[in-house]
Amino acid sequence: MTSLLKERGETLDDLRTQIERDVRYANITIIEGHDASQYGIGIVSARIAEMVLRDEHAVIPIGSYQREFGVTLTLPSVVGSEGIVAVMQPVLSENERRALERSVESLRRALERARS
């Protein structure tokens, strides 16, 4: 991936920034186009079903339980006929790693409150 980014004159930070922006505002784009977000949910659900039925081994960000953290997280994952076939662990900067750990801890606390 690094060589492809270099060819394009981009950096990993540029790519991360663009992906974060796209993800944060995807719902707004759907609402502006359809006046409702349920269309986006339906489209995504149908696409995931296609990946499973066609055994595509497509890589998408999707939530699944992560034993390492003890909570469900959305990480880039390979989806095929058996569901999530593999979870890709992105290379994180120290700041990103700390932010992930804070999110995990927040999710753990929420789970504990829900159980009590």
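In this text, all values refer to a predicted model and were calculated from it rather than measured experimentally.

*Asks:* Would you explain the nonpolar core in this entry?
*Replies:* Generally speaking, soluble globular proteins have nonpolar side chains that are buried together. In this structure, Phe69, Val71, Leu73, Leu75, Leu100 and Val104 together form the largest nonpolar core, which totals six residues. With three residues, the single largest contributor to this core is strand E2 (residues 71-80). When residues no more than four places from it in sequence are discounted, the contact partners of Leu100 are Phe69, Leu73 and Leu92.

*Asks:* Help me understand the side chain of Ser64, please; the structure alone is not making it clear to me.
*Replies:* Along the chain, Ser64 falls in strand E1 (residues 58-66). Of the polar contacts made by the side chain of Ser64, one reaches the side chain of Gln66; its length is 2.7 Å. Among all residues touching Ser64, those that are not within four sequence positions of it are Val71, Thr72, Leu73, Ile84 and Val87.

*Asks:* Mind showing me how you'd approach unusual backbone geometry here?
*Replies:* Across residues other than glycine, the phi torsion is negative in most instances, and most of the peptide bonds are trans. Phi is positive for Asp55, which is not a glycine, with a value near 50°. Backbone geometry at His57 places phi at a positive 55°, although glycine is not the residue there. Examined against the element boundaries, His57 turns out to sit in the loop between helix H3 (38-53) and E1.

What counts, and where the lines are drawn
- Residues numbered from 1 in each chain as written.
- Predicted model: local features only at pLDDT ≥ 70, side-chain atom pairs only at ≥ 80, totals over all residues.
- Heavy atoms only, no water.
- Core = buried A, V, L, I, M, F, W, Y, C linked by side-chain atoms within 4.5 Å.
- Buried < 20%, exposed > 50% of the residue type's maximum accessible area, 1.4 Å probe, protein only.
- Helix = DSSP H or I, 4+ residues; strand = E, 2+ residues; numbered from the N terminus.
- Contact = heavy atoms within 4.5 Å.
- Polar contact = N/O pair within 3.5 Å; in protein donor to acceptor, adjacent residues only side chain to side chain.

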